[in-house]
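Fold and contact review
Listed here are the chains, written in short residue letters.
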Amino acid sequence: MADDTIQQVYMRVTQKMQDCQKQLAQIEAQMSTNQRETRLAALTRREIQDLDNSVPLYKSMGKMFIQESKEDLLKDIEKSASDAKILIDALEKKQKFVKRDLDEATGNLRDIIHSAQSSSKK
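Keep in mind that this is a model prediction, so the values were computed, not measured. (Residues numbered from 1 in each chain as written. Predicted model: local features only at pLDDT ≥ 70, side-chain atom pairs only at ≥ 80, totals over all residues. Heavy atoms only, no water.)

A few points about the environment of aspartate 111
Within the secondary structure layout, aspartate 111 lies in helix H2 (residues 70-121). Through-space distance from the C-alpha of aspartate 111 to that of arginine 45 is 53 Å; in sequence the pair is 66 residues apart. (Helix = DSSP H or I, 4+ residues; strand = E, 2+ residues; numbered from the N terminus.)

Put into structure tokens, the structure is as follows:
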């Protein structure tokens, strides 16, 4: 009877560990995407700031391009960069939470294995 209970707990804990590992992979992918977007925004901002105000600038809107003023384009770039930074901060917090859950599940798994080994020696 105790073996069935230990096996069920073991299955729950390993499932939780797998879920946490999947969540961490998704979070890291999202963070990478947002970091790339932040770097792209910084590069674009630097290139646009060096241009003269008389140079026509265009913004991509789906399959077409719309002419925008330099100031409006810079505002859009700043907004997109700040949104990406906010998302990165939120993802970092979520990553810490999921890592803590994973560490807890790993500790629980060690306890289960240790208790199963000690009960089988008796």
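Read on, since the account is not over.
Comments concerning the nonpolar core
Residues Val13, Met17, Cys20, Leu24, Ile27, Met31, Leu91, Val98, Leu102, Ala105, Leu109 and Ile112 constitute the largest nonpolar core, which totals 12 residues. Among the secondary structure elements, those contributing two or more residues to this core are helix H1 (2-49) and H2. Ignoring any residue separated from it by four or fewer positions in sequence, one finds methionine 31 in contact with Ile88, Leu91, Glu92 and Gln95. Core analysis: the second largest hydrophobic core is formed by 7 residues, Ile48, Leu57, Leu73 and Ala81 among them. (Core = buried A, V, L, I, M, F, W, Y, C linked by side-chain atoms within 4.5 Å. Buried < 20%, exposed > 50% of the residue type's maximum accessible area, 1.4 Å probe, protein only. Contact = heavy atoms within 4.5 Å.)

Points about the side chain of asparagine 34
Note that asparagine 34 resides in helix H1. Accessibility expressed as a relative area gives 10% for asparagine 34, which makes it buried.

Quick word on the pairing of strand S2 (residues 64-68)
Bridge count for strand S1 (residues 57-61) against S2 is 5 bridges, and the pairing is antiparallel. In the sheet register, leucine 57 faces S2, and the bridge partner there is glutamate 68. Hairpin connection from S1 to S2: 2 residues lie between these consecutive antiparallel strands, with glycine 62 at a positive phi of about 70°. (Pairing = 2+ DSSP bridges.)

Geometry only, nothing functional implied.
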